[in-house]
Each structure stands twice: as structure tokens, then as C-alpha cells.
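Secondary and tertiary structure notes
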Amino acid sequence: MALASCSNCGKQTEVEVRQSINVALDPDLKARVKDGSLFVWECPYCGHRNLAKYQTLYHDPDAKLMVWLLPGSEQPPKAVADAVKDLEGYTLRLVREVGDLIEKVNIHDAALDDTVLEMCKWVTRRELAAKNPEAADAALRFLRLEGADNDLVMAFPLNGQMQVVNIGFNVYEDARGILSRNPSVKPAEGFALVDAAWIDQFFR
């Protein structure tokens with residue numbers, strides 16, 4: 001438990017926090033991560049629903065996925081990072097926001113590669129910007145695969161409203177081809193931060 005202040009009324013209350021989330025030990029937690037409910041708490045004074053911001057380590061042993069949610073600019077403790085960086089077959093990721101954690105789980109569940117997906121987003125942002133310059137820096141988030149052709153469904157905020165765009169799977173395949181021709185574009189060792197800023201450092 002930890003003290004948290006309501007963003008509406010400012011009063012403090014104790015909220016549940018989890019330093020680690022092992023979905024093999026508690027499978028119900030995965031659904032609560034994916035729908036975001038694990039990180040939402042209701043103020044007992046005014047009823048306002050708040051987002052709980054805390055660090056946690058998401059671990060899915062069956063999928064060999066670890067995602068460390070660390071708000072701010074902190075880095076995972078070196079001793080822990082060193083202990084897991086050589087785990088065979090594991091994907092290790094660092095994220096800064098709850099939405100990023102949800103996306104990483106969704107990507108992994110869809111059997112997609114998040115590095116390829118970031119390349120796919122990079123291409124998509126430029127296609128969107130050609131039609132609407134305000135979408136040049138769209139914060140695209142992968143939601144799911146949809147339809148017989150496995151279209152990638154992504155959402156992004158624009159002018160105060162959430163927009164949804166369907167992207168053909170061929171764009172993902174093209175992005176995979178781009179990365180295969182650029183082998184230097186790869187995540188750092190250990191808990192790597194793979195996001196828009198990461199891909200931007202390789203492609204301008």
C-alpha cells in the first residue's frame with residue numbers, strides 16, 4: 001500500500017501498489033493490466049477515478065516477457081538488470097507510462113516484434129502527416145490485429161479526440177524489411193527503451 005493524492009479533491013488515501021506482477025502466478029492480473037484497471041483507484045471522498053503511478057515489474061514467464069514500468073527517468077537497479085539480461089529467449093523492455101506497458105503486452109500477445117512495430121509507426125506517422133501535418137508527431141499505440149488480413153489497429157490523440165487508424169499488415173512487413181537491411185537498428189542490452197524516440201535516433 002502507498003499514500004496517493006486524488007487529482008480532483010486533493011485528499012490522500014492508501015492505494016494498492018504492486019512491485020511485481022507475475023501473470024503465471026496470478027493469471028487474472030494479465031486481464032487487469034491489459035484493460036488498465038490494475039492501475040486505477042477510486043477516491044473514497046469524491047469518487048474520482050485516478051491513475052496510480054508507481055513502478056512495477058511485469059513478468060510473463062510463459063511468454064518470456066519482462067516489462068519494467070518506471071515512471072520518470074529512473075533506470076532499473078543495475079544488479080537486477082544484470083541478473084536477467086542473459087535470460088535465454090527473453091524480451092526485456094523498459095516503459096515510462098501505464099499505456100506503454102499495456103501496449104507491450106498487446107504487441108507480445110499478437111506475436112509481433114515491437115522493434116518492427118516502432119518502424120511501422122514511424123512510416124505511418126509520415127503517411128498521416130502527408131494528409132494532416134498536425135499528425136506528424138502522433139503518439140500511435142498498437143491495440144490489436146483485426147480481420148482476416150490481420151490489419152494493425154492503432155489509436156492516437158489528435159485535437160483532443162482519440163483517432164483510430166487501420167494499417168495493412170503489408171506495412172508491418174515492409175517495416176520488417178527495412179530493419180533487416182539495417183542490422184545496426186537494435187535495442188540496447190538489458191531492459192531496453194523501445195519507443196518513438198528510440199527509432200527516431202536511427203531514422204530522420
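Remember, predicted model here, so these are calculated numbers, not experimental data. (Residues numbered from 1 in each chain as written. Predicted model: local features only at pLDDT ≥ 70, side-chain atom pairs only at ≥ 80, totals over all residues. Heavy atoms only, no water.)

Comments concerning the sheet that holds strand S11 (residues 161-167)
Selection criterion: Two strands pair under a simple rule: DSSP has to find at least two bridges between them. The secondary structure listing takes helices from DSSP runs of H or I that are at least 4 residues long and strands from runs of E that are at least 2 residues long, numbered from the N terminus. Lines fitted to C-alpha atoms define the axes, with helix axes restricted to the stretch in contact, and inter-axis angles between N-to-C directions lie between 0 and 180 degrees. Between two residues, a contact is recorded if the distance between any of their heavy atoms is within 4.5 Å.
Read across the sheet, 3 strands follow the order S9-S10-S11 without closing on themselves; strand pairing throughout is antiparallel. If you trace the sheet from one side to the other, it starts and ends with strand S9 (141-146) and S11, each paired once. Strand-to-strand twist in this sheet, taken as the mean axis angle between neighbours without regard to direction, amounts to 25 degrees. Pairing between S9 and strand S10 (residues 151-158): 5 bridges, direction antiparallel. By the bridge assignment for S10, Arg-144 is matched with Val-153. Across the sheet, helix H4 (residues 114-131) touches S9, S10 and S11, and the angle it forms with S10 is around 60 degrees.

What to know about the packing of aromatic side chains
Selection rule: Ring pairs are drawn from Phe, Tyr and Trp, using the six-membered ring of Trp, whenever the two centres fall within 6.5 Å, and their geometry is named by plane angle: stacked under 30 degrees, edge-to-face over 60, tilted for the rest. Between buried and exposed lies partly exposed: a residue is buried under 20% and exposed over 50% of the maximum accessible area for its type, with that area taken using a 1.4 Å probe on protein chains only.
Within the structure shown, the criterion is met by 5 aromatic pairs. Considering the side-chain rings of Phe-39 and Tyr-54, the 5.6 Å spacing of their centres and the 35 degrees angle between planes classify their relative orientation as tilted. One end of the pair, Phe-39, is in the loop between helix H1 (28-34) and strand S4 (40-42); the other, Tyr-54, is in the loop between strand S5 (49-51) and strand S6 (56-60), and 15 residues separate them in sequence. On the basis of relative accessible area, Phe-39 is assigned to the buried category, the value being 0%. Judged by its relative accessible area of 11%, Tyr-54 is buried. Taken together, a centroid distance of 5.7 Å and an interplanar angle of 55 degrees make the contact between Trp-122 and Phe-203 tilted. Residue Trp-122 is found in helix H4, and its partner Phe-203 is found in the segment after helix H6 (196-200); the two are separated by 81 residues along the sequence.

Quick word on the state of the cysteines
Note on terminology: a disulfide is the covalent bond linking the sulfur atoms of two cysteines. Basically, it comes down to this: For the purposes of this analysis, a disulfide is any pair of cysteine sulfur atoms at a distance within 2.5 Å.
Summed over the entire model, instances satisfying the criterion amount to 0 disulfides. Sulfur of Cys-6: no disulfide; nearest cysteine sulfur belongs to Cys-46 and is 3.6 Å away. Cys-9 takes part in no disulfide bond, and the closest cysteine sulfur to it belongs to Cys-43, at a distance of 3.7 Å. With relative accessibility at 32%, the residue Cys-9 sits in the partly exposed group.

Details of the side chain of Arg-93
Here Arg-93 shows up in strand S8 (residues 91-95). Excluding its chain neighbours within four sequence positions, the residues that come into contact with Arg-93 are Met-66, Val-67, Trp-68, Asp-114, Thr-115, Pro-187, Phe-191, Ala-192 and Val-194.

Re the environment of Ile-199
Along the chain, the position of Ile-199 falls in helix H6. Look at Ile-199 and you get buried, because its relative accessible area is 0%. Put simply, Ile-199 and Met-154 are 45 residues apart on the chain and 17 Å apart in space, counted from C-alpha to C-alpha. Other than its neighbours up to four places away in sequence, Ile-199 contacts Glu-118, Met-119, Trp-122, Arg-125 and Val-185.

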